[in-house]
Amino acid sequence: MKKAAPMHPELETLRELWEIWTKLGWSLAAEDFDRQSLGEDWTVKEVFAHHSQAVRRLDQFVGEPTDLPVDHANATSFFNQFNLRPDDAGLVRDMAKKEALDATVPELIAEFADHGPRAIEKAHRAGDIVVQTDEGRIHIYDYVRTRTVESVIHLIDVYRPLGLPPVIPLGALDRTAEVLLNFMDRVEFIEASTGRSGKKLFPVFW
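Reading guide: rules and limits
Sequence order as written defines residue numbering, which begins from 1 separately in each chain. Predicted model: local features are reported for residues with pLDDT of at least 70 only, side-chain atom pairs are reported and counted for 80 or more only, and whole-chain, interface and lining totals are derived from all residues. Water and hydrogen atoms play no part in the side-chain values, which are based on all heavy atoms of the structure. Numbering of helices and strands runs from the N terminus, with a helix taken as a DSSP run of H or I at least four residues long and a strand as a DSSP run of E at least two residues long. Whether two residues touch is decided by their heavy atoms; if any such pair falls within 4.5 Å, the residues are in contact. Here, a strand pair is defined by DSSP locating no fewer than two bridges between the strands. Residues enter a nonpolar core if they are buried and are Ala, Val, Leu, Ile, Met, Phe, Trp, Tyr or Cys, with the set joined through side-chain atoms within 4.5 Å. Burial classes: relative accessible area under 20% of the type maximum marks a residue as buried, over 50% as exposed, and values in between as partly exposed (1.4 Å probe, protein chains only). One speaks of a salt bridge when a side-chain nitrogen belonging to Lys or Arg is within 4 Å of a carboxyl oxygen belonging to Asp or Glu. Confidence scores per residue from the predictor, reported as pLDDT, run from 0 to 100. How far a helix is expected to stretch is found by multiplying one less than its residue total by 1.5 Å. The pairing test for Phe, Tyr and Trp rings, Trp by its six-membered ring, is centres within 6.5 Å, and the orientation test on the planes gives stacked under 30 degrees, edge-to-face over 60, and tilted for anything in between.

## Considerations on the environment of Ile-140
Part 1 of the argument: With respect to the helices, strands and loops of the structure, Ile-140 is situated in helix α6 (residues 140-159).
Part 2 of the argument: It is 18 Å that separates the C-alpha atoms of Ile-140 and Glu-16, two residues lying 124 residues apart in sequence.
Part 3 of the argument: Those residues in contact with Ile-140 that sit more than four places away from it in its chain are Leu-58, Val-62, Gly-127, Asp-128, Ile-129 and Val-131.

Written out as structure tokens, the structure reads:
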């Protein structure tokens, strides 16, 4: 019998993160979902609603591969365009609020618990394709890394206000840090991180 191909590390990392979202969701009390997150004007439920869209979009984009060349060579390029569209932050927030109103907490958790593994497996079967996202074309594994970055950031958005230690796999943290590091000149990063510069280096993620 032919041995199944191992899952790509980017997919495996995202799978682990969505398992954490599932366990975290089921561990919270009803009132916890109404708490303010670290995100400005976002409740915990709205953060869950926002990131649950990542599950649905991965499923959708994997099902619609393209033969056209990529617009983004990596995850940093994908995120960098957000700096060019500052008004989109309000649109994203409004969509999250609507999603949170339209869905129950169990429905949101089910996105990660049930839909998430199916989307990951679908991406695994698809292999190294190029996908057309709302933000341009990108290789699937680079796109999956963008979902990892968002997942890590939004987990912290939820963990901190609830007084919980951020339990996040080291591999996911390393991938997120690498994407952030690539936003900047290395000298400027060293200057800023050692207190030798007050320059703002990073974009604001929503």
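Past the structure itself, the notes keep going.
## Re the pairing of strand β3 (residues 136-139)
Within a regular beta strand, the side chains point alternately toward one face of the sheet and then the other, so they alternate between its two faces.
Part 1 of the argument: Across four bridges, the pairing between strand β2 (residues 130-133) and β3 is antiparallel. Across the sheet, Thr-133 pairs through a bridge with Gly-136, a residue of β3.

## Considerations on the nonpolar core
Part 1 of the argument: Ranked by size, the top nonpolar core spans 51 residues in total, and within it Trp-18, Phe-48, Leu-58 and Ile-140 carry the most contacts.
Part 2 of the argument: Those elements that provide at least two residues to this core are α1 (9-27), α2 (44-62), α3 (75-80), α4 (88-102), α5 (105-126), α6 and α7 (170-181).
Part 3 of the argument: In this structure, Leu-58 is in contact with Leu-14, Trp-18, Ala-119, Ile-120, Ile-140, Tyr-143 and Val-144, ignoring residues within four places of it in sequence.

## Here we look at the pattern of salt bridges
Part 1 of the argument: For the structure on display, the rule yields 15 salt bridges.
Part 2 of the argument: Note that Lys-122 and Asp-59 form a salt bridge whose closest N and O atoms lie 2.7 Å from each other. You can see Lys-122 sitting in helix α5 and its partner Asp-59 sitting in helix α2, a full 63 residues away along the chain.
Part 3 of the argument: In this structure, a network of salt bridges that share partners links the residues Glu-10, Arg-145, Arg-175 and Glu-178.

## Observations concerning the confidence of the model for the protein chain
Part 1 of the argument: Averaged over all residues, the pLDDT of the protein chain is 90; the fraction at 70 or higher stands at 91%.
Part 2 of the argument: Ranking the elements of the protein chain by mean pLDDT puts α4 last, at 81, and α1 first, at 98.

## Examining α2
Part 1 of the argument: Taking 1.5 Å of rise per residue, the 19 residues of α2 would be expected to cover 27 Å, and the 28 Å separating its terminal C-alpha atoms lies within 8% of that figure.
Part 2 of the argument: Within α2, 16 of the 19 residues are buried, leaving the element largely enclosed by the surrounding structure.

## Here we look at the packing of aromatic side chains
Part 1 of the argument: Within this structure, the stated rule accounts for seven aromatic pairs.
Part 2 of the argument: Measuring from ring centre to ring centre gives 4.9 Å for Trp-21 and Phe-48, while their planes differ by 80 degrees; the resulting arrangement is edge-to-face. With Trp-21 in helix α1 and Phe-48 in helix α2, this pair connects stretches of sequence that are 27 residues apart. Comparing Trp-21 with Phe-48, the two get one shared label, buried.
Part 3 of the argument: An angle of 70 degrees between the planes, with centres 5.9 Å apart, marks the rings of Phe-78 and Tyr-143 as edge-to-face. Taken together, the positions of Phe-78 in helix α3 and Tyr-143 in helix α6 put the pair 65 residues apart, joining distant regions of the chain.
Part 4 of the argument: The exposure class assigned to Tyr-143 is buried, which follows from its relative accessible area of 1%.
Part 5 of the argument: Grouped by ring-pair contacts, the aromatic residues Trp-21, Phe-33, Phe-48 and Phe-112 constitute a single cluster.

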